[in-house]
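Residue strings, one per chain:
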Amino acid sequence: AFRHVILKQNYPNPCSTVATIPFKLMNPSQVTIDVYDMMGKKMHSLLDQQMDAGDHEVVFNNTNGLLAKGNYVYQVVVVNELGRYHQCKVLTIQD
């Protein structure tokens, strides 16, 4: 199947304060990346902008201790003229 977005695993994982989330867009798209707890509550918004096709990275910074240690899900949502697509991965925060 044709993929409109390829979401890669954040690195490092697990992380303590900073992690990089790489992804690739096949078409210019509106991109939103949000972080959710394991109960599905939105905890943090990382990105909400129009982006060109190609390879991209967004940095998750938890140096302020916004999120406690544990597992979280980050979801990328891509909207373009072809539709709406989403993909998720798990991010682990530890000391």
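See the structure printed just above.
Figured I'd write up the structure that's included with this text.

Reading the values: the criteria
- Residues numbered from 1 in each chain as written.
- Predicted model: local features only at pLDDT ≥ 70, side-chain atom pairs only at ≥ 80, totals over all residues.
- Heavy atoms only, no water.
- Helix = DSSP H or I, 4+ residues; strand = E, 2+ residues; numbered from the N terminus.
- Rg over C-alpha atoms; globule rule 2.2 N^0.38 Å.
- Buried < 20%, exposed > 50% of the residue type's maximum accessible area, 1.4 Å probe, protein only.
- Contact = heavy atoms within 4.5 Å.
- Polar contact = N/O pair within 3.5 Å; in protein donor to acceptor, adjacent residues only side chain to side chain.
- Pairing = 2+ DSSP bridges.

## What to know about the overall build of the protein chain
Assigned secondary structure in the protein chain consists of 0 helices and 7 strands. Listing the helices and strands of the protein chain from first to last along the sequence gives β-β-β-β-β-β-β. Relative to the 2.2 N^0.38 estimate, which gives 12 Å for 95 residues, the radius of gyration of the protein chain is 13 Å and therefore close to what a compact globule would have. In terms of its C-alpha atoms, the protein chain occupies a principal-axis envelope of roughly 40 × 25 × 25 Å. Per-residue burial for the protein chain yields a buried fraction of 41% across its 95 residues. Within the protein chain, residue pairs in contact and separated by at least 24 positions form 56% of the contacts whose partners lie at least 6 positions apart.

## Thoughts on unusual backbone geometry
Cis geometry is adopted by the peptide bond preceding Pro12, which originates at Tyr11 and carries an omega value of -10 degrees. Tracing the backbone through its elements, the reader meets Pro12 in the loop between β1 (5-7) and β2 (18-25). The omega angle of the peptide bond from Asn13 to Pro14 is 5 degrees, so this bond is cis rather than trans.

## Remarks on the side chain of Ser29
Its location among the elements puts Ser29 in strand β3 (residues 29-36). Judged by its relative accessible area of 1%, Ser29 is buried. Here the side chain of Ser29 touches Asn80 through a polar contact of 3.1 Å, side chain to side chain.

## Re the pairing of strand β7 (residues 83-93)
By the bridge criterion, 11 bridges tie strand β6 (residues 70-80) to β7 in an arrangement that is antiparallel. Residue Tyr72 lies in a different strand from β7, and its bridge partner there is Leu91. Linking two consecutive strands that pair antiparallel, namely β6 and β7, is a turn of 2 residues.

No statement about biological role is implied by the geometric values presented.
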